[in-house]
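Geometric and topological summary
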Amino acid sequence: MRARAGLALAALLAAAIAGAVAAARTGAAPPRVAPAGPLPEVFLSDRTAARLGIREGDTLELAASPAGPWHLVRIARVYRPVLYPTDVALRGLDVRLHLPDLQALLREGDQVDSIVVRLRDPARADEMVARLNAVALGFRAYTSADLARRNSSTFEVISRFHRAISVVAILASSVFLAAIMTLRGEELRRQVGVMRLIGISRRSVAAAVLLIATGVALLGSAVGIGLGYALSAAINVYYRRAFDTTILFSQVTPALLGLVAALSVALGIAAGAATAWRLLHRPPLDQIGR
Amino acid sequence: MDDAQAVAQAQHAGGAPAPDRVVASADAVVKVYRMPGGTVHALRGITLAVERGTLLSIVGPSGCGKSTLLHLLGGVDLPTAGTVTLLGQPTASLSDAALARLRLRHVGFVFQRFFLLPMLTAEENVALPMMEAGVAQPDRRRRARALLERVGLAHRSQHRPGQLSGGEMQRVAIARALANRPALLLADEPTGELDAAAGWEIARLLREISRDGCAVVVVTHNTELAAIADRQVRMRDGTIA
């Protein structure tokens with residue numbers, strides 16, 4: 001099978017393999033740039049291969065623009081890329097070329113935009129970056145952590161958005177919890193009245209109400225955590241399948257669980273204290289309906 | 001007028017019982033409720049003494065002040081005027097917490113609707129006042145079982161109120177009222193929600209309790225229960241008739 005692809009955007013490479021996102025065309029038209037020797041070899045992502053309906057061993061025509069010139073290449077391998085979260089929703093075509101082939105395709109000559117360097121000792125990344133920036137002219141070195149930070153502004157916005165949703169959810173759940181305790185308080189009203197009539201101290205009654213409120217809060221947070229886990233798993237299953245990736249879209253962390261449990265217990269105690277105060281400031285005879 | 005009424009009238013008129021036998025007393029007690037719709041005079045100068053080992057029934061039409069008098073004698077409520085004395089202490093002079101302690105240790109309450117705590121078993125309901133009073137766990141468990149046995153419910157000790165009949169719940173409530181060996185047991189319509197047989201069982205039990213030395217005051221419409229009382233006080237419009 002032969003295929004032709006119009007290259008839309010090229011990214012660059014490490015070691016000997018170049019990466020490119022390509023708009024491809026397939027068909028039987030002859031290449032406009034004939035290779036002098038064997039066909040250049042490229043790697044194709046599995047998504048691109050599936051989209052173009054081609055496989056390893058097939059040929060493909062690539063160009064930096066739809067106007068050409070077109071270069072005939074052979075698909076050496078179809079691979080499954082590790083996607084960055086930013087790439088998950090992209091539907092472009094993904095081709096990886098050897099650097100010389102890519103340079104020929106782009107007619108850029110001997111030029112690269114970026115080079116990724118893997119260190120034997122990643123702990124020395126900062127030192128390495130400092131040394132490179134001190135001696136090299138014409139480019140700037142960054143650690144991968146710096147790059148991640150520079151490129152994560154979108155995620156920070158999303159993260160803040162999620163935090164805002166969490167705050168609203170927590171406020172809503174606290175209102176819900178207060179409502180439950182108010183209802184529970186009404187159920188408890190007669191029992192509290194009886195307890196006070198038979199001489200149970202206010203302190204003991206308040207402790208019992210607080211215990212019940214804390215129990216309700218703990219039960220609620222346990223159910224909430226269970227739901228969170230289930231929803232998180234469902235989200236991951238759905239989006240991993242939808243985007244054909246292994247990226248984790250939703251994560252329930254121990255810190256998050258701690259926060260949820262602490263908040264719900266605090267809210268439960270507050271709601272219980274309010275209920276206890278209300279119940280203990282009514283005459284016991286009123287509470288039993290006399 | 002029967003003998004019991006005669007006794008009550010005699011006390012009302014000033015015939016004083018032996019002071020060492022008096023558990024609770026009311027002296028010219030007035031209770032007034034100020035409601036949005038006006039003032040209600042629930043009690044209009046009641047004088048009454050309750051002696052240990054006596055079963056006293058209070059009868060009368062609805063709204064005549066029977067339950068109000070019961071609550072005042074038990075230190076649940078305070079009089080507007082006059083003096084209620086409970087175990088030698090005027091209730092009006094005691095703080096809310098002191099009154100609660102007095103009720104816990106010396107007064108037992110039995111209500112028409114039982115008012116057991118639904119999440120607790122029969123044994124736990126009976127043990128609750130003892131727990132508050134600081135009775136050690138083995139002792140309160142032993143006593144709770146003994147009390148349930150006394151009211152004929154040893155076999156139901158681990159059942160919750162929802163699993164018991166009305167008569168059984170009332171017997172558990174009586175066992176709870178006796179938990180801290182009270183000097184005074186106050187029962188407000190204890191047979192009001194029970195059939196005749198269960199009501200008679202409760203009446204018999206209250207009679208036994210008074211024979212054991214506890215002062216028992218029962219507000220009732222049940223003529224059989226009223227009839228077996230040592231004394232009967234008939235009320236009308238906040239006064240002893």
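Look up: the structure comes first, before these words.
Residues numbered from 1 in each chain as written. Chains lettered and ligands numbered in written order. Predicted model: local features only at pLDDT ≥ 70, side-chain atom pairs only at ≥ 80, totals over all residues. Heavy atoms only, no water.

Residues and elements named next belong to chain A. Inspection of the entire model under this criterion finds five aromatic pairs over all chains. With centroids separated by 5.0 Å and ring planes inclined at 85°, the aromatic side chains of tyrosine 238 and tyrosine 239 adopt a geometry described as edge-to-face. The exposure class assigned to tyrosine 238 is exposed, which follows from its relative accessible area of 54%. Judged by relative accessible area, tyrosine 239 falls into the partly exposed class, the value being 35%. The structure contains a cluster of three or more aromatic residues connected by ring pairs, namely Tyr238, Tyr239 and Phe249. (Phe/Tyr/Trp six-rings, centres within 6.5 Å; stacked < 30°, edge-to-face > 60°. Buried < 20%, exposed > 50% of the residue type's maximum accessible area, 1.4 Å probe, protein only.)

With that out of the way, let us pick up the sheet that holds strand β8 (residues 215–219) of chain B. Residue and element names in this part refer to chain B. Strand order across the open sheet formed by six strands is β6-β7-β8-β3-β9-β10, with mixed pairing between neighbours. The open sheet has two edge strands, β6 (107–110) and β10 (239–240), and neither has a second partner. Both β6 and strand β7 (residues 184–188) contribute to a ladder of four bridges, which runs parallel. Residue pairing in the sheet places valine 107 in a bridge with leucine 184 of β7. Contacts from helix α3 (residues 96–106) reach β6 and β7, with the element oriented near 80° to β6. (Pairing = 2+ DSSP bridges. Helix = DSSP H or I, 4+ residues; strand = E, 2+ residues; numbered from the N terminus. Contact = heavy atoms within 4.5 Å. Axes fitted to C-alpha atoms, helices over the stretch in contact; angles between N-to-C directions.)

Attention shifts here to helix α7 (residues 254–280) of chain A. Look at α7(A): 38 Å from first C-alpha to last across 27 residues, which is about the 39 Å you get at 1.5 Å a residue. For α7(A), the set of buried residues is A:Ser264, A:Gly268, A:Ala271, A:Gly272, A:Thr275, A:Ala276, A:Leu279 and A:Leu280. (Expected span 1.5 Å × (residues − 1).)

Once that is clear, we can look at empty space enclosed by the protein. All names here are of chain B. Considering all chains together, one arrives at three cavities of 30 Å³ or more under this definition. Approximately 80 Å³ is the volume found for the largest cavity. Taken together, the elements giving at least two residues each to the lining of the largest cavity come down to α3, β6 and α6 (166–177). In terms of residue count, α3 provides more of the lining of the largest cavity than any other element does, four residues in total. Tallied by class, the residues present in the lining of the largest cavity amount to seven nonpolar, three polar and three charged. (1 Å grid on protein atoms, 1.4 Å probe; cavity = no way out; pocket = protein on both sides within 12 Å on 5 of 7 lines; lining within 4 Å. Points joined across faces, edges and corners; volume = space filled by probe spheres on them. Nonpolar A, V, L, I, M, F, W, Y, C, P; charged D, E, K, R; others polar.)

All names here are of chain B. On the basis of which strands lie adjacent, the open sheet formed by four strands has the order β2-β1-β4-β5 and antiparallel pairing. Two strands in the sheet have a free side with no partner beyond their single neighbour: β2 (38–51) and β5 (89–90). The sheet contact formed by strand β1 (residues 22–35) and strand β4 (residues 81–86) spans five bridges and is antiparallel. Looking at β4, one finds that serine 25 is bridged to threonine 85.

Before going further, it helps to spend a moment on the pairing of β8(B). One face of the sheet, then the other: side chains in a regular strand alternate in exactly this way. All names here are of chain B. Burial analysis of β8 places five of its five residues in the buried class, which makes it a mostly covered element. As judged from the four bridges shared by strand β3 (residues 55–59) and β8, these two strands associate in the parallel manner. If you follow serine 57 over to β8, its bridge partner there is valine 218. Judged from the five bridges that link them, β7 and β8 form a sheet pairing that is parallel. The residue of β8 that forms the bridge with leucine 186 is valine 217. One crossover worth recording links β7 to the parallel β8 by way of helix α7 (residues 196–211), and it is right-handed. (Right-handed = clockwise from strand over helix to strand, strands pointing away.)

Contact residues are listed per partner, giving 20 residues for chain B and 15 residues for chain A. Interface area, chain B with chain A, both sides summed: about 1,700 Å², of which 64% is carbon and sulfur. The three residues of chain B that bury the most area against chain A are B:Phe115, B:Leu117 and B:Glu132, which together make up 29% of that side's buried surface. Joining chain B to chain A, the criterion identifies one salt bridge. Linking B:Asp96 and A:Arg202 is a salt bridge whose minimum nitrogen-to-oxygen distance equals 2.9 Å. Where chain B touches chain A, the interface holds five residue pairs in polar contact (both at pLDDT 80 or more). Residue assignment for the side of chain B that touches chain A shows that the elements contributing at least two residues are α2 (66–73), α3 and α4 (122–132) of chain B. (Buried area = accessible area lost by both parts, 1.4 Å probe. Salt bridge = Lys/Arg side-chain N within 4 Å of Asp/Glu carboxyl O. Polar contact = N/O pair within 3.5 Å; in protein donor to acceptor, adjacent residues only side chain to side chain.)

This paragraph deals with the side chain of A:Ser221. Residue and element names in this part refer to chain A. On the secondary structure map, serine 221 appears in helix α6 (residues 202–243). Taking relative accessible area as the criterion, serine 221 reaches 7% and is therefore assigned buried. Aside from chain neighbours lying at most four places away, what touches serine 221 is Val260, Ala261 and Ser264.

Among the secondary structure elements, A:Gln191 is positioned in helix α5 (residues 153–197). On the basis of relative accessibility, which here comes to 13%, the residue A:Gln191 falls in the buried class. The residues contacting A:Gln191, other than those within four sequence positions of it, are B:Leu117, B:Pro118 and B:Met119.

Another aspect to go through is the packing of α4(B) against α6(B). Geometrically, a packed helix pair is captured by the angle between its two axes and the distance between the axes. All names here are of chain B. The interhelical angle for the contact between α4 and α6, taken along N-to-C directions, is 25°, at an axis separation of 8 Å. In this view, α4 runs roughly parallel relative to α6, as classed from their interaxial angle. Two packed elements cross with a definite hand, and for α4 against α6 that hand is right-handed. Of the residues in α6, those touching α4 at Ala122, Asn125, Val126 and Pro129 are Val172, Ala175 and Arg176. Of the residues in the contact of α4 with α6, the class split is five nonpolar, one polar and one charged. (Parallel < 35°, antiparallel > 145°, perpendicular 65-115°, else oblique. Left-handed = near helix turned anticlockwise from the far one by under 90°.)

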